[in-house]
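Structural features, examined
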Amino acid sequence: MAEKPVAGESPAEDSLADGLTVVIVDDHSIFRSGLRADLDESVRVLGEAATVDEAVAIVVREQPRVVLLDVHLPGGAGGGGAEVIRRAAAQAPQTLFLALSVSDAADDVVRVIRAGARGYITKSASGREVSDAARRVSDGDAVFSPRLAGFVLDAFGAVAGETAETTEELDRLSAREQEVMRLIARGYSYREVAGELFISVKTVETHVSAVLRKLQLSSRHELTAWALERKLL
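I will try to describe carefully the structure that is included in this document. (Residues numbered from 1 in each chain as written. Predicted model: local features only at pLDDT ≥ 70, side-chain atom pairs only at ≥ 80, totals over all residues. Heavy atoms only, no water.)

Considerations on the overall build of the chain
Helix and strand counts for the chain come out as 11 helices and 6 strands. Burial statistics for the chain: of 233 residues in total, 47% are counted as buried. Of all intrachain contacts in the chain linking residues separated by at least 6 positions in sequence, the fraction that spans at least 24 positions is 65%. Carbon and sulfur atoms provide 50% of the accessible area of the chain, an area that totals close to 11,300 Å². (Helix = DSSP H or I, 4+ residues; strand = E, 2+ residues; numbered from the N terminus. Buried < 20%, exposed > 50% of the residue type's maximum accessible area, 1.4 Å probe, protein only. Contact = heavy atoms within 4.5 Å. Areas by Shrake-Rupley, 256 points an atom, 1.4 Å probe, with all protein chains shown as cover.)

So this is what it looks like as structure tokens:
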């Protein structure tokens, strides 16, 4: 059964000043309790749910800022996490959904992202990483585990039947800057980009600064949106 908030707590929309509010949705109670214990202190859990119907009910009632959502859930019409998003989103317009699953299968990832999830990370992530991902989603970023981002974005491009087009803006970037741009836009950290391209973190920082300056962008979020619009990922 979905947990009720602690007595005296107000709904999520009235408590943003108290930290990021979340609901944990997973059909394994041990995972829910473990994740709840590992989340940062600034993340306030309003409740939990184990089925599709329980999840929809608690999301609509509590209006959390972010839902940490498993992909495979019992109940409902059998649509799992994607069904939760479709049923709850209209009644909780300020709530965002972050998929958190053991599965890295393309079908699972694409299905839940198409339903409206703002990100997808695997359960191998630490509590700190999940907390950080939830905050980034709350701030408007699209967040993926690095190993998932590439094929997710490629899958959307393939379905749309569109290919990347070279633009005057892209031509401003060197080959190395383009490599860095794609990885950063897919959600890689500076350290992960450095490891992928066998360069130093400082060199990555230099390239990112150059990319943002040349494209007249101010953040990683804007860079991701820019790249997505041009089907460059």
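Description of helix α3 (residues 80–88)
Among the 9 residues of α3, 7 are classified as buried, and the element is accordingly described as predominantly covered. Buried within α3 we find Gly-80, Gly-81, Ala-82, Glu-83, Val-84, Ile-85 and Ala-88.

Considerations on the side chain of Arg-32
Tracing the backbone through its elements, the reader meets Arg-32 in helix α1 (residues 29–38). By relative accessible area, Arg-32 is classed as buried at 11%. A polar contact of 2.7 Å, which involves the side chain of Arg-32, links it to the backbone oxygen of Asp-26. (Polar contact = N/O pair within 3.5 Å; in protein donor to acceptor, adjacent residues only side chain to side chain.)

Topic: empty space enclosed by the protein
Applying the stated criterion across every chain yields a total of 1 cavity of 30 Å³ or more. Space inside the largest cavity adds up to approximately 60 Å³. Arg-136, Asp-141, Ala-142, Ile-184, Ala-185, Gly-187, Arg-220, His-221 and Thr-224 are the residues that line the largest cavity. In terms of residues, the lining of the largest cavity owes the most to one element, helix α11 (residues 220–229), which gives 3 residues. Taken together, the residues of the lining of the largest cavity sort by class into 3 nonpolar, 3 polar and 3 charged. (1 Å grid on protein atoms, 1.4 Å probe; cavity = no way out; pocket = protein on both sides within 12 Å on 5 of 7 lines; lining within 4 Å. Points joined across faces, edges and corners; volume = space filled by probe spheres on them. Nonpolar A, V, L, I, M, F, W, Y, C, P; charged D, E, K, R; others polar.)

Section: the nonpolar core
Counting residues in hydrophobic clusters, the biggest one holds 26 residues, and the most contacted among them are Val-25, Leu-69, Val-84, Phe-97 and Tyr-120. Listing elements by their share of this core, those giving two or more residues are β1 (20–25), β2 (43–49), α2 (52–62), β3 (66–69), α3, β4 (96–101) and α4 (106–115). The element contributing the most residues to this core is α2, with 5 residues. In terms of nonpolar packing, the next biggest core, distinct from the first, is built from 22 residues, Leu-183, Ala-185, Val-193 and Leu-232 among them. (Core = buried A, V, L, I, M, F, W, Y, C linked by side-chain atoms within 4.5 Å.)

Observations regarding the environment of Gly-187
Topologically, Gly-187 is positioned in the loop between α8 (175–185) and α9 (190–197). Sequence spacing of Gly-187 and Ser-145 is 42 residues, and the spatial spacing of their C-alpha atoms is 7.2 Å. Not counting the four nearest positions on each side in its chain, Gly-187 is found in contact with Arg-136, Glu-192 and Arg-220.

Observations concerning unusual backbone geometry
A positive phi angle, close to 50 degrees, is found at Gln-63, a residue other than glycine. Counting through the fold element by element, Gln-63 comes out in the loop between α2 and β3.

Description of the pairing of β3
Taking every second residue as pointing to the same face, both faces of β3 are buried, with Val-66 and Leu-68 on one and Val-67 and Leu-69 on the other. By the bridge criterion, 4 bridges tie β1 to β3 in an arrangement that is parallel. Looking at the pairing, Val-25 lines up with Leu-69 of β3. Where β3 and β4 come together, 4 bridges link them in parallel fashion. Following the sheet pairing, Val-66 is matched in β4 by Leu-96. (Pairing = 2+ DSSP bridges.)

Quick notes on the sheet that holds β4
Pairing between the strands of a sheet is mediated by backbone hydrogen bonds and can be parallel or antiparallel. Strands sit in the order β2-β1-β3-β4-β5-β6 across an open sheet of 6 strands; the sheet is parallel. Looking at the sheet topology across the chains shown, the edges are occupied by β2 and β6 (143–144). Running at roughly 140 degrees to β2, α2 makes contact with β1, β2, β3 and β4 of the sheet. (Axes fitted to C-alpha atoms, helices over the stretch in contact; angles between N-to-C directions.)

Describing the side chain of Glu-177
Secondary-structure assignment places Glu-177 in helix α8. At 2.9 Å, the side chain of Glu-177 forms a polar contact with the backbone nitrogen of Ser-174. Among residues more than four places away in sequence, those in contact with Glu-177 are Arg-172, His-207, Ala-210, Val-211 and Lys-214.

Here's the deal with the packing of α9 against helix α10 (residues 201–215)
The angle between the axes and the distance between the axes are what describe a pair of packed helices. Viewed as axis vectors pointing N to C, α9 and α10 meet at an angle of 105 degrees, and their least axial separation amounts to 8 Å. Relative to α10, the element α9 is oriented roughly perpendicular. Contacts between α9 and α10 involve Tyr-190, Arg-191, Val-193 and Ala-194 on the former and, on the latter, Val-201, Val-204, Glu-205 and Val-208. Grouping the amino acids of the contact of α9 with α10 by side-chain chemistry returns 6 nonpolar, no polar and 2 charged. (Parallel < 35°, antiparallel > 145°, perpendicular 65-115°, else oblique.)

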